[in-house]
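Listed here are the chains, written in short residue letters.
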Amino acid sequence: MCAASWTPSSTRSNPRNHVSADERDDGPTALPWLPLLPWQLEATRSALAQRATWPHALLVHGRRGIGKHALALNFAQALLCETPRPDGLACGECPSCRYAIAGQHPDLIRLELLEPDATDGALTEVDTIAIDRVRTLTESVQLTSHRGRAKVAVIAPADRMNVAAANALLKTLEEPPADTFLILVTEQPGRVPATILSRCRQFAAPLPSADDARAWLARTGVAAPELVLAQAAGAPLAALALADPDVQSERRAWLTALSRPAQLSVAALAGRIEAGGRDERKARLARALDWLIAWSADIARVRAGDAARQNPDAAEALTRLAPQVAPIPLFRYHRLLLAQRALLAHPLQPRLVVEAALIDYKALF
Ligand SMILES: [Zn+2]
């Protein structure tokens, strides 16, 4: 999940207002806070009821776009809260809570893909969580907690630590200082080194029911929650990102081209990836791969006699295409796309990736 992809109301109201003037500085821009989502309330309460035996290392895992990162941050807030509520949730009012929400808690260390730039402090997106940041974390947890509660580190996504960074974290995982809690987040536990996985207690982030997801999207202002939820296979935050009209018109263009494999121009479609800067190209590539993955999965479903799940608005084209594809090459193609999507973190040539995927797509027919 991209932390900057949605703006929760609590960060819109300028959380810096809660911080007194002498503690304010003009240093790096604070990382945005992500409030707890409605479908996470019960799971969060029952997890925090076990606070006395809270593990030193917790791995929050689950599909993309369901709010794992928000969950991890709210666990951290609750562990640092100075006056937790009787049900274990953070009070939201104490100094610790206010600092955490403002992105300025001295005992909350956040290693994320948004990182303050070394020169101007502006938040920039990085590909990996590098060893120097993990070293800063491991040194920091050796120090006494500033506010006397605990030290909490959130690493999201944990699968974006490179090997050296993961190794640097091991010692802290093996011999954690007292009152130190690590919360790791991943949608791909298989890409987290086994040495790290084996030292974490696993926590499956809850999924909302379809009704809850629809209601939340509608409250967030999405006009047709049903359609974007289908496209995101039920993941609400992913659905919210798809609800952008520009993204929907981009999707339309892709589906129109995929509906006519014989006429599909690889160069023209792959060229759509090129717009914008580096982050924008990466986002376009991610969406294109998601659409190809959903499209090939729907062809397989329709071929097996089921209804299209993620592209219900393209049922006619899918019904026409499904009998033209042999199941085994289709399955292989789908797996290849999934592997490509998992590699997205690493430096690559977006256009070449898409061209290869489209050439293979045309060859299916
Ligand atoms: Zn509090």
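Each value, and the rule that gives it
- Residues numbered from 1 in each chain as written.
- Predicted model: local features only at pLDDT ≥ 70, side-chain atom pairs only at ≥ 80, totals over all residues.
- Heavy atoms only, no water.
- Helix = DSSP H or I, 4+ residues; strand = E, 2+ residues; numbered from the N terminus.
- Rg over C-alpha atoms; globule rule 2.2 N^0.38 Å.
- Buried < 20%, exposed > 50% of the residue type's maximum accessible area, 1.4 Å probe, protein only.
- Contact = heavy atoms within 4.5 Å.
- Donors = N, O, S within 2.8 Å, 3.2 Å for Na, K, Ca; no water.
- Tetrahedral: all angles 85-135°; square planar, octahedral: opposite > 155°, others 65-115°.
- Core = buried A, V, L, I, M, F, W, Y, C linked by side-chain atoms within 4.5 Å.
- Expected span 1.5 Å × (residues − 1).
- Arc of directions from axis to C-beta.
- Phe/Tyr/Trp six-rings, centres within 6.5 Å; stacked < 30°, edge-to-face > 60°.
- Pairing = 2+ DSSP bridges.
- Axes fitted to C-alpha atoms, helices over the stretch in contact; angles between N-to-C directions.
- Parallel < 35°, antiparallel > 145°, perpendicular 65-115°, else oblique.
- Left-handed = near helix turned anticlockwise from the far one by under 90°.
- Nonpolar A, V, L, I, M, F, W, Y, C, P; charged D, E, K, R; others polar.
- pLDDT = per-residue confidence, 0-100.

Engineer: Help me understand the overall build of the protein in this model?
Structural biologist: On a plain count of helices and strands, the protein comes out with 16 helices and 7 strands. Whereas a compact globule of 365 residues would reach a radius of gyration of roughly 21 Å, the protein reaches 22 Å, a difference of no more than 12%. With the C-alpha coordinates aligned to their principal axes, the bounding extent of the protein is approximately 65 × 40 × 40 Å. Within the span of the protein, comprising 365 residues, buried residues form 48% of the whole. Counting contacts in the protein only where the partners sit at least 6 residues apart, residues at least 24 apart contribute 72% of the total.

Engineer: What am I meant to see in the coordination of the zinc ion here?
Structural biologist: Four donors placed tetrahedrally about a metal ideally form angles of 109.5 degrees, and six donors placed octahedrally ideally form angles of 90 or 180 degrees. Distances from the zinc ion to its protein donors, namely C81 (SG), C91 (SG), C94 (SG) and C97 (SG), fall within the range 2.3 to 2.4 Å. Bound by 4 donor atoms, the zinc ion shows angles of 103 to 116° at the metal and therefore tetrahedral coordination geometry. Every donor residue of the zinc ion comes from the same chain, spaced as C-x9-C-x2-C-x2-C. Here the residue C81 occupies a position in the loop between α3 (68–80) and α4 (95–101), and C94 occupies one in the loop between α3 and α4, the gap between them amounting to 13 residues. For C94, a relative accessible area of 6% gives the class buried.

Engineer: Looking at this model, I keep getting lost on the nonpolar core. Mind explaining?
Structural biologist: Among the nonpolar cores identified, the biggest contains 86 residues, and F75, I183, W254, W295, L358 and Y361 are the most heavily contacted of them. Counting residues per element, this core draws most heavily on helix α13 (residues 278–303), at 10 residues. Among all residues touching L358, those that are not within four sequence positions of it are W254, L258, L264, V266, L269, A270 and L292. Within the second largest apolar cluster, 24 residues are counted, among which are L137, M161, A166 and I196.

Engineer: I'm lost on the environment of G190 in this one. Help?
Structural biologist: Topologically, G190 is positioned in the loop between β6 (180–186) and α7 (194–197). Taking relative accessible area as the criterion, G190 reaches 78% and is therefore assigned exposed. The spatial distance from the C-alpha of G190 to the C-alpha of R98 is 35 Å, given a sequence separation of 92 residues.

Engineer: How do you make sense of helix α16 (residues 350–363) when you look at a structure like this?
Structural biologist: Compared with the 20 Å implied by 1.5 Å per residue over 14 residues, the 20 Å span of α16 between its first and last C-alpha is a close match. Regarding α16, the residues found buried are P350, V353, V354, A357, L358 and Y361. Viewed along the axis of α16, the buried residues span an arc of 125°, placing them on a single side of the element. Across from the buried face of α16, at angles greater than 90 degrees, the exposed residues are L352, I359 and A363. Those residues of α16 that are buried lie in contact with α11 (245–258), α12 (266–271), α13, α14 (315–321) and α15 (327–342).

Engineer: Hey, could you run me through the packing of aromatic side chains in this one?
Structural biologist: All chains considered together, the criterion is met by 5 aromatic pairs. A ring pair is formed by F75 and F203, whose centres lie 5.3 Å apart and whose planes are at 90°; its orientation type is edge-to-face. Residue F75 is found in helix α3, and its partner F203 is found in strand β7 (residues 201–204); the two are separated by 128 residues along the sequence. The pair formed by F75 and F203 is uniform in burial state, with each residue classed as buried. Judged by centre distance (5.1 Å) and plane angle (70°), the rings of Y361 and F365 are edge-to-face. When its relative accessible area of 1% is taken as the criterion, Y361 is described as buried.

Engineer: Help me understand the pairing of strand β1 (residues 57–61), please; the structure alone is not making it clear to me.
Structural biologist: Regular strands show a simple pattern: their side chains alternate between the two faces of the sheet. With 4 of 5 residues buried, β1 is to be regarded as a mostly interior element. Bridging between β1 and β6 involves 5 bridges; their strand directions are parallel. Of the residues in β6, the one forming a bridge with V60 is V185. By the bridge criterion, 4 bridges tie β1 to β7 in an arrangement that is parallel. In the strand pairing of β7, V60 is matched with F203.

Engineer: What exactly am I supposed to notice about the packing of α11 against α13 here?
Structural biologist: Helix packing for two helices is described by the angle between their axes and how far apart those axes are. Remark: α11 packs on α13, axes separated minimally by 11 Å, with the N-to-C direction vectors making an angle of 50°. By the angle class used here, α11 and α13 are oblique. Judged by the sense of rotation from one axis to the other, the crossing of α11 with α13 is right-handed. Counting all contacts with α11, which are made through V247, E250, R251, W254, L255 and L258, the residues of α13 involved are R284, R287, A288, W291, L292 and W295. In terms of residue class, the contact of α11 with α13 is built from 8 nonpolar, no polar and 4 charged.

Engineer: Looking at this model, I keep getting lost on the confidence of the model for the protein. Mind explaining?
Structural biologist: Residues shown with low pLDDT carry predicted positions that ought not to be read at fine detail. Per-chain confidence: the protein averages 90 in pLDDT, with 92% of residues scoring 70 or above. Considering only residues more than four positions removed or in separate chains, one finds that residues 1–24, a stretch of pLDDT under 50, has 40 contacts.

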